[in-house]
Amino acid sequence: MVIDNPQQLEVLKNKLLFLYPITKDDRVHRHSSAVIGFVFIDIDSQQVYTLSNGHPEGIWNSGDLSFLNTSKVYCYDTLCLKYAGYDTTNFVDVRMQYYLYTNQSFTNETPSIINHYTRLYQNFFKVNELISLYKHEQIALGIFESSWVKETQNGLSFYQNDLLDVFYNIEKSGLKINPQLFAERFGKTLSKNKDYCYTEYNYYTTTGRPSNRFGGINFAALNKEDDTREAFVSRFEDGVLVEMDFNSYHPRLIASLVGYDFGKDNVYEHLATYYSNTPKPNKEEIDKAKEATFRQLYGGIQQQYLHIPFFEKTNNLARYLWEKINDEGYIESPISGRRLVISNYQDINCYVLFNYFIQMYETESNVIVLKNILDKTKGMQCVPVLYTYDSVLFDLPQSELNKLVKEVIPQSIDLEKYPIKIKKGTTYKNLQLYQ
């Protein structure tokens, strides 16, 4: 049913609702794609209602969703609405709820009618305007039937209110580009909008680490060796890009969980004293220690290294988590309360589970850090523009550099426990160590 007057909105008040936003085109980044309508499904009665917000078929158009204040709303894509300026605080994010329940990303096969118009009008990025509101209702119903999870999942509050908000704030800032260099390297891409390009984080990964790609560009793996990163510049006239990079992050995260203290030591030099049985290991021994450490942490600790205190404690944690998930069916994040449920995995073993747990812990820890930084940079022009697991890239005026490095970051991170390197430069390619 298409709503054609404000009085008909009354039927949606005080209800349990599924909300599906209709954008102009699903291929376009949320930053650039307006919301042209809303499909509401009354979950109890299965009745479907559609409100136009600029769709050509709309008889009456409205973008005012304040009438939902008395309803419980499960929204398929809260970020879509956040980009459009809506307050989604009281909505349940359906895709996040589904992920926390299944540990999988919800994937919906693109409807044939959208594929048809996309092929027919490849350069027309308003495809959803060509599709009838009735057809959009059918699409929304199919998504609802496949994705809706009623019960609130453990960790939802953190993942929806903290994680989504942090990455939304990074995404919406965009990366300023040199248009000529960007075009030479990437060609035509939907990530580009004027002199900026936009990233899109995928939080719904098996490992718990967000991936980041959009428009055919993998932003989490931009080439460091060629001139690819030269295309990314500061948006400020006297601006600078600053990269905050955690040192030996995974070993230090594990150390915080198992009660081991590396102190101010270089982690791999510290471990090399055990590997090589020498109080002063050389560079070759340190490099070998780094390689060996990665093998132990990601492939399972070998018996010959269990005499090393850090690995003994790490192995004990891995075994504890494995026993717990087998006994109770799940383990919980100490930060968010999110549950990793054994029935959601196939062919899992002790150290695969351990790595999923650590990568979840890494992501959640970084969300807390980024939230602190965002809070402390309010009123500043400084913006985070790219997140890649153990590093964050900021864009800021030169005048704010000292405040970011000497005040904001030290107040947001325990630098004794998690030491960092700071690099700065005028492009993402020419970052140099900040002294």
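### Let's talk about the overall build of the protein
- Check the secondary structure of the protein and you find 13 helices and 18 strands.
- Its C-alpha radius of gyration of 24 Å places the protein within 12% of the 22 Å reference for a compact globule of 435 residues.
- With the C-alpha coordinates aligned to their principal axes, the bounding extent of the protein is approximately 80 × 60 × 40 Å.
- Buried residues in the protein amount to 52% of all 435 residues.
- Element-wise, carbon and sulfur atoms account for 44% of the exposed surface of the protein, whose accessible area totals about 20,400 Å².
- Averaged over its 45 positive side-chain charges, the protein has a centre that lies 3 Å from the centre of its 52 negative ones.

### Let's talk about the sheet that holds strand 17 (residues 420-425)
- As summarised here, the arrangement of the 5 strands in space is 15-16-12-17-18, forming an open sheet in which the pairing is antiparallel. The sheet terminates laterally at strand 15 (383-387) and strand 18 (432-433), the two strands that pair on one side only.
- Of the strand pairs in this sheet, strand 12 (residues 239-246) and strand 17 are connected by 6 bridges, and their pairing is antiparallel. Its bridge partner lying in strand 17, methionine 244 is registered against isoleucine 422.

### Regarding the packing of aromatic side chains
- With the rule as written, the count across this model stands at 35 aromatic pairs.
- The interplanar angle of 85° and the centroid separation of 6.1 Å between the aromatic rings of tyrosine 76 and phenylalanine 106 together place this pair among those described as edge-to-face. Pair noted here: tyrosine 76 is in the loop between strand 4 (72-75) and helix 1 (78-83) and phenylalanine 106 is in the loop between helix 2 (94-102) and helix 3 (112-120), with a separation of 30 residues, a long-range link.
- Judged by its relative accessible area of 13%, tyrosine 76 falls in the buried class.
- The structure contains a cluster of three or more aromatic residues connected by ring pairs, namely Tyr99, Phe167, Tyr201, Tyr203, Tyr204 and Tyr387.
- Here lysine 82 stacks its cationic end above the ring of tyrosine 168, 4.9 Å away from the centre of that ring.
- Sitting above the plane of the tyrosine 330 ring, arginine 339 keeps its charged end 3.8 Å from the centroid.

### Side note on helix 12 (residues 350-376)
- The terminal C-alpha atoms of helix 12 lie 39 Å apart, and with 27 residues this matches the ideal 39 Å at 1.5 Å per residue to within 8%.
- Of all 27 residues making up helix 12, 21 are buried, and the element is well covered by its neighbours.
- Of the residues that open helix 12, the one with a side-chain oxygen 3.1 Å from the backbone nitrogen of tyrosine 351 is asparagine 349.

### Brief notes about the nonpolar core
- In terms of nonpolar packing, the biggest core is built from 121 residues, with Met96, Phe232 and Met244 touching the most fellow members.
- Here this core gets 14 residues from one element, more than from any other, and that element is helix 12.
- With residues up to four places along the chain from it excluded, the contact list for methionine 244 reads Val369, Ile373, Asp390, Ser391, Val392, Phe394, Ile409, Ile413, Ile420, Lys421 and Ile422.
- Counting 18 residues, the second-largest nonpolar core is a separate cluster that includes Ile3, Leu12, Leu19 and Phe67.

### Structural notes on the environment of lysine 313
- Position of lysine 313 among the secondary structure elements: in helix 11 (residues 309-328).
- A sequence separation of 54 residues divides lysine 313 from glycine 259, and the C-alpha atoms of the two residues are 8.2 Å apart.

### Regarding the pairing of strand 4
- Sheet topology places strand 1 (residues 16-23) next to strand 4; 4 bridges connect them, and they run parallel. Among the inter-strand pairings, phenylalanine 18 is bridged to a residue of strand 4, identified as tyrosine 74.
- Pairing of strand 4 with strand 5 (residues 92-93), which is carried by 2 bridges, proceeds in the parallel orientation. Within strand 5, the position partnered with cysteine 75 by the bridge is aspartate 93.
- On the question of chirality, the crossover connecting strand 4 to the parallel strand 5 by way of helix 1 is right-handed.

### Topic: the environment of glutamine 104
- Among the secondary structure elements, glutamine 104 is positioned in the loop between helix 2 and helix 3.
- Judged by its relative accessible area of 45%, glutamine 104 falls in the partly exposed class.
- For the pair formed by glutamine 104 and threonine 206, sequence separation is 102 residues and the distance between their alpha carbons is 6.4 Å.
- In this structure glutamine 104 touches Tyr98 and Tyr99, once residues within four positions along its chain are discounted.

### So, the packing of helix 8 (residues 249-258) against helix 12
- It is at 10 Å that the axes of helix 8 and helix 12 come closest, and there the two elements cross at 95°. With respect to helix 12, the axis of helix 8 lies roughly perpendicular. Contact residues: Tyr249, His250, Leu253, Ile254, Ser256 and Leu257 in helix 8; Phe354, Phe357, Ile358, Gln359, Tyr361, Glu362, Ser365 and Asn366 in helix 12.
- The residue makeup of the contact of helix 8 with helix 12, split by class, is 8 nonpolar, 5 polar and 1 charged.

### Description of the pattern of salt bridges
- Applying the stated criterion across every chain, the model contains 18 salt bridges.
- Here aspartate 227 and arginine 185 are joined by a salt bridge, their closest N and O atoms 2.6 Å apart. On the criterion of sequence distance, the pair formed by aspartate 227 in the loop between strand 11 (217-218) and strand 12 and arginine 185 in helix 7 (residues 179-186) is long-range, its members being 42 residues apart.
- The partly exposed category is assigned to aspartate 227, whose relative accessible area is 42%.
- Under the relative-accessibility criterion, arginine 185 is labelled partly exposed at 37%.

Parameters at a glance
- Residues numbered from 1 in each chain as written.
- Predicted model: local features only at pLDDT ≥ 70, side-chain atom pairs only at ≥ 80, totals over all residues.
- Heavy atoms only, no water.
- Helix = DSSP H or I, 4+ residues; strand = E, 2+ residues; numbered from the N terminus.
- Rg over C-alpha atoms; globule rule 2.2 N^0.38 Å.
- Buried < 20%, exposed > 50% of the residue type's maximum accessible area, 1.4 Å probe, protein only.
- Areas by Shrake-Rupley, 256 points an atom, 1.4 Å probe, with all protein chains shown as cover.
- Lys, Arg positive; Asp, Glu negative; His and termini not counted.
- Charge placed at Lys NZ, Arg CZ, Asp CG, Glu CD.
- Pairing = 2+ DSSP bridges.
- Phe/Tyr/Trp six-rings, centres within 6.5 Å; stacked < 30°, edge-to-face > 60°.
- Lys NZ or Arg CZ within 6 Å of the ring centre and 35° of its normal.
- Expected span 1.5 Å × (residues − 1).
- Polar contact = N/O pair within 3.5 Å; in protein donor to acceptor, adjacent residues only side chain to side chain.
- Core = buried A, V, L, I, M, F, W, Y, C linked by side-chain atoms within 4.5 Å.
- Contact = heavy atoms within 4.5 Å.
- Right-handed = clockwise from strand over helix to strand, strands pointing away.
- Axes fitted to C-alpha atoms, helices over the stretch in contact; angles between N-to-C directions.
- Parallel < 35°, antiparallel > 145°, perpendicular 65-115°, else oblique.
- Nonpolar A, V, L, I, M, F, W, Y, C, P; charged D, E, K, R; others polar.
- Salt bridge = Lys/Arg side-chain N within 4 Å of Asp/Glu carboxyl O.

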